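These are the residues of each chain, in order.
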Amino acid sequence: DIQMTQSPSTLSASVGDRITITCRASETISNWLAWYQQKPGEAPNLLMSKASNLESGVPSRFSGSGSGTEFTLTVSSLQPDDFATYYCQQYKSYPWTFGQGTKVEIK
Amino acid sequence: QMQLQESGPGLVKPSQTLSLTCNVSGGSFSSGNYYWSWIRQPAGKGLEWIGRIYFTGSTNYNPSLKSRVTISVDPSKKQFSLNLNSVTADDTAVYYCAAGRGGGWFDPWGQGTLVTVSS
């Protein structure tokens, strides 16, 4: 299985901050990576696919980059609605696997 | 707009079979543009992909659960189902159904249903 490791596990930040979450794959996955946002009690919501393709309706303050084994999710100016847990997911090969999550909390 | 909704028992006894159904509304179930997945999340933990099925019935399963999992599909009802047998407390989780698109991302998801394994 391809292991996905996110860092940090928890991130404390303030409204307006720029934050970056890193996701590392245990082997190369090209750009077969998706990012999700999950709020408490809700299902995950797709933010982007193919590492950097923003889903329709997702604010442009979210961006993704990377290829191979290292990827980043950046929020350029954190908004109150962005405090949530973020997951990366590889779909290069079965079984599809997720990172352990990064919780973005209010500082 | 496509919506997914899980249904099934919220409590299952150890060693029995967990059975859930996902109803899909809106969108085209058998267009070939989607495949249908189950994903679970134990309380306070991360996400685990269980498996997927295409409208033709073709399946892929997570090897960690493959011996206990069956996913089936009924295109006429726009439904797909999950059976997980010989459950233990470790199978207690919120179970999500999701539509898979493109190479393997999930969108949209159902709201999730909590299944507790307990006697």
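This write-up is about the structure you can find in this document. (Residues numbered from 1 in each chain as written. Chains lettered and ligands numbered in written order. Predicted model: local features only at pLDDT ≥ 70, side-chain atom pairs only at ≥ 80, totals over all residues. Heavy atoms only, no water.)

Listed as interface residues are 23 residues of chain B and, on the opposing side, 17 residues of chain A. Both sides together, the interface formed by chain B and chain A hides about 1,600 Å², and carbon and sulfur atoms give 65% of it. Linking chain B with chain A are 1 salt bridge. Between chain B and chain A we count 9 residue pairs in polar contact (both at pLDDT 80 or more) in total. At the level of elements, β4 (35-41), β5 (48-53), β9 (93-101) and β10 (105-109) of chain B are the ones that each hand at least two residues to the side of chain B that touches chain A. Its residues assigned to classes, the side of chain B that touches chain A shows 9 nonpolar, 9 polar and 5 charged. (Contact = heavy atoms within 4.5 Å. Buried area = accessible area lost by both parts, 1.4 Å probe. Salt bridge = Lys/Arg side-chain N within 4 Å of Asp/Glu carboxyl O. Polar contact = N/O pair within 3.5 Å; in protein donor to acceptor, adjacent residues only side chain to side chain. Helix = DSSP H or I, 4+ residues; strand = E, 2+ residues; numbered from the N terminus. Nonpolar A, V, L, I, M, F, W, Y, C, P; charged D, E, K, R; others polar.)

The next subject is the pattern of salt bridges. Scanning the model with the defined rule gives 8 salt bridges over all chains in all. Between R24 of chain A and E70 of chain A there is a salt bridge whose closest N-O contact spans 3.1 Å. A residue pair is termed long-range when its members are at least 10 positions apart, and R24 of chain A in strand β3 (residues 19-25) and E70 of chain A in strand β8 (residues 70-75) qualify at 46 residues. The partly exposed category is assigned to E70 of chain A, whose relative accessible area is 39%. The partner of D91 of chain B in a salt bridge is R68 of chain B, and the shortest N-O contact between them spans 2.9 Å. Residue D91 of chain B is found in the loop between β8 (79-84) and β9, and its partner R68 of chain B is found in the loop between β6 (59-61) and β7 (69-74); the two are separated by 23 residues along the sequence. An identical accessibility class is assigned to D91 of chain B and R68 of chain B; each is buried. Beyond isolated ion pairs, a larger network of salt bridges with shared partners links R40, E48, R68 and D91 of chain B. (Buried < 20%, exposed > 50% of the residue type's maximum accessible area, 1.4 Å probe, protein only.)

Another point: the sheet that holds β8 of chain B. All names here are of chain B. Strand order across the open sheet formed by 4 strands is β1-β3-β8-β7, with antiparallel pairing between neighbours. A strand with exactly one partner marks an edge of an open sheet, and here the two such strands are β1 (3-7) and β7. Across the sheet, the mean angle from the axis of one strand to that of its neighbour is 20 degrees, orientation sign disregarded. Strand direction decides the pairing type here: strand β3 (residues 18-25) and β8, joined by 6 bridges, are antiparallel. When the bridges of β8 are listed, S19 appears paired with N83. (Pairing = 2+ DSSP bridges. Axes fitted to C-alpha atoms, helices over the stretch in contact; angles between N-to-C directions.)

In short, geometric facts, not functional conclusions.
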